[in-house]
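Given next are the chains, with one letter for each unit.
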Amino acid sequence: MSQYSVLLVDDEEDVIAGFLLTGMVGILSGCSLRQTREAESIKIGVTVYDQYDTFVSQMMEVFKNYAGEKEAETGIAITIEMYNAADSQTTQNSQVESMINDGCDVVCVNLVDRTEPTTVIDMAEKNNVPVIFFNRELVEEDLERWERLYYVGAKAFESGIMEGEIAAAAFQNNSSSDKNGDGMIQYLVLEGEAGHQDAIVRTEYAVSTIVESGIDVEKVGYAIANWNRAQAQTKMAQLLPEYGSEIELVLANNDDMALGAIDALKAADISRNDWPVIVGIDGTDVGLEAVKKGEMIGTVYNDKEGQAQGILNLAFALSTDGNLSELALEDGKYLRLPYAKVLPEDVDAYLK
Ligand code: BGC
């Protein structure tokens, strides 16, 4: 039976709001563990920018499962202290302070504002607690500021290229996707948060990949929907009356926004034959279901399992013997998992 435990910490009142899973709570003696090489228990602090983000929350579920498996495999009890920063960097900074004060051996930070890691880095360095940043990438200069800082994520440009390839193939294989028959693709972009590394790069590479495949494109509109399904639905509903019949392709920076576009098309009673081609990125459970139903032409798998396992293995190594040699870090600091294209014929394998 797994002994790992998860402490869910309420962000506002700083109390333990929930405690779940079986067994033992790691009783920790603050800093002493940080120097212990043969730990019997370790404590990992995690703070996510927004616990309601579909991709991040699914990645955290997988992370907790891996922690259970790691504990069973090694016999070292793992306590996870998990916080939701609820989109506030100030809140997240206080959470990191609490995690350090609570004796976490390592803190894993999904930054709210990827340009504001300074407070986190300064506190961590002062207390000699390593930090694994994940999913929201800080600039290299910041990661270089101390040797015990790491980043786990993916290569944003790769997902853009794959999204562009999926879209280009859809038009090459089916000429009726060019609804007005003008030999060009009229497209609309639904973008993630302004300033997020994945939003900027995914859009740029998706479009340039389509163009490089020999297809002319014309942008009919774009909207920032902050990775969010409801916001994407609202923005799409606003764009439909003006551009509805012109739009032949929706390039969404993630699956949730692609699904928001689909929600808007359904709400507007637009017949399925008149829908544009819709492509997403992530391969979340709901995104994969939409590919299976043929509502999305495809998606790009953002390897949440690989990333979660990378964060866990790195956190575990940093909290125990410090041996990182098996982790194949790039430049000793980065772990980036590859993306993969998911087309209707691949989707069942991913849904499993
Ligand atoms: C994912 C998005 C997610 C964002 C959060 C991206 O890599 O594709 O779905 O909302 O990270 O930072």
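See the structure printed just above.
As a starting point, this report considers the structure included with it.

How each quantity is defined
- Residues numbered from 1 in each chain as written.
- Predicted model: local features only at pLDDT ≥ 70, side-chain atom pairs only at ≥ 80, totals over all residues.
- Heavy atoms only, no water.
- Helix = DSSP H or I, 4+ residues; strand = E, 2+ residues; numbered from the N terminus.
- Buried < 20%, exposed > 50% of the residue type's maximum accessible area, 1.4 Å probe, protein only.
- Contact = heavy atoms within 4.5 Å.
- Areas by Shrake-Rupley, 256 points an atom, 1.4 Å probe, with all protein chains shown as cover.
- Near = heavy atom within 4 Å.
- Polar contact = N/O pair within 3.5 Å; in protein donor to acceptor, adjacent residues only side chain to side chain.
- Nonpolar A, V, L, I, M, F, W, Y, C, P; charged D, E, K, R; others polar.
- Pairing = 2+ DSSP bridges.
- Axes fitted to C-alpha atoms, helices over the stretch in contact; angles between N-to-C directions.
- Core = buried A, V, L, I, M, F, W, Y, C linked by side-chain atoms within 4.5 Å.
- Parallel < 35°, antiparallel > 145°, perpendicular 65-115°, else oblique.
- Left-handed = near helix turned anticlockwise from the far one by under 90°.
- Expected span 1.5 Å × (residues − 1).
- Salt bridge = Lys/Arg side-chain N within 4 Å of Asp/Glu carboxyl O.

## Some words on the overall build of the protein chain
Inference 1: Scanning the protein chain from terminus to terminus reveals 12 helices and 14 strands.
Inference 2: With 352 residues in all, the protein chain has 56% of them scored as buried.
Inference 3: The contacts in the protein chain between residues at least 6 apart in sequence include a share of 72% that link residues at least 24 apart.
Inference 4: When the accessible surface of the protein chain is summed, it comes to about 15100 Å², and 47% of that surface belongs to carbon and sulfur atoms.

## Considerations on unusual backbone geometry
Inference 1: With a phi angle near 50°, Asn226 is a residue other than glycine that sits in the positive phi range.
Inference 2: Inspection of the secondary structure puts Asn226 in the loop between β9 (216–224) and α8 (229–243).
Inference 3: Here Asn226 falls in the partly exposed class, since its relative accessible area comes to 32%.
Inference 4: Although it is not a glycine, Asp269 sits at a positive phi angle of roughly 60°.

## Focus on the site of the ligand
Inference 1: Surveying the vicinity of the ligand reveals the residues Tyr49, Asp53, Phe55, Asn135, Arg136, His196, Asp198, Arg202, Trp227, Asn254, Asp282 and Asn302.
Inference 2: Arg202 has a polar side-chain atom sitting 2.9 Å from an oxygen atom of the ligand.
Inference 3: Here an oxygen atom of the ligand sits 2.5 Å away from a polar atom, N or O, in the side chain of Asp282.
Inference 4: Here the ligand loses 99% of its free accessible area of 310 Å² to cover by the protein chains.
Inference 5: Here the residues of the shell around the ligand are counted per class, giving three nonpolar, four polar and five charged.

## Digging into the sheet that holds strand β10 (residues 249–252)
Inference 1: Judged by pairing direction, the sheet is parallel, and its four strands sit side by side in the order β9-β8-β10-β11 without closing on themselves. The sheet terminates laterally at β9 and β11 (277–279), the two strands that pair on one side only. Each strand axis lies, on average, 20° off the axis of its neighbour in the sheet, ignoring direction.
Inference 2: Alignment of strand β8 (residues 184–191) against β9, held across eight bridges, turns out to be parallel.

## Structural notes on the nonpolar core
Inference 1: Ranked by size, the top nonpolar core spans 69 residues in total, and within it Ile44, Val46 and Ile132 carry the most contacts.
Inference 2: In this structure Ile44 touches Phe63, Ile78, Thr79, Ile80, Glu81, Cys104, Val106, Cys108, Leu312 and Ala315, once residues within four positions along its chain are discounted.

## Regarding the packing of helix α9 (residues 255–267) against helix α10 (residues 285–292)
Inference 1: Their axes nearest at 9 Å, the elements α9 and α10 cross at an angle of 50°. Judged by the inter-axis angle, α9 sits oblique to α10. Crossing of α9 over α10 shows left-handed handedness. Listed contacts from α10 to Asp255, Asp256 and Leu259 of α9 are Val286, Gly287 and Ala290.
Inference 2: The residue inventory of the contact of α9 with α10, partitioned by class, reads three nonpolar, one polar and two charged.

## Here's the deal with α8
Inference 1: Taking 1.5 Å as the rise per residue, α8 with 15 residues should run 21 Å; its terminal C-alpha atoms sit 20 Å apart, in good agreement.
Inference 2: Structurally, the start of α8 carries an N-cap: the backbone nitrogen of Ala230 is 3.0 Å from a side-chain oxygen of Asn228.

## Quick look at the pattern of salt bridges
Inference 1: Considering all chains together, one arrives at 13 salt bridges under this definition.
Inference 2: Close ionic contact of Glu137 with Arg336 constitutes a salt bridge, the shortest N to O distance being 2.9 Å. With Glu137 in the loop between β6 (131–134) and α5 (140–143) and Arg336 in strand β13 (residues 334–337), this pair connects stretches of sequence that are 199 residues apart.
Inference 3: Given a relative accessible area of 22%, Arg336 falls into the partly exposed group.
Inference 4: Put simply, Asp122, Asp142 and Arg145 are held in one network by salt bridges that share partners.

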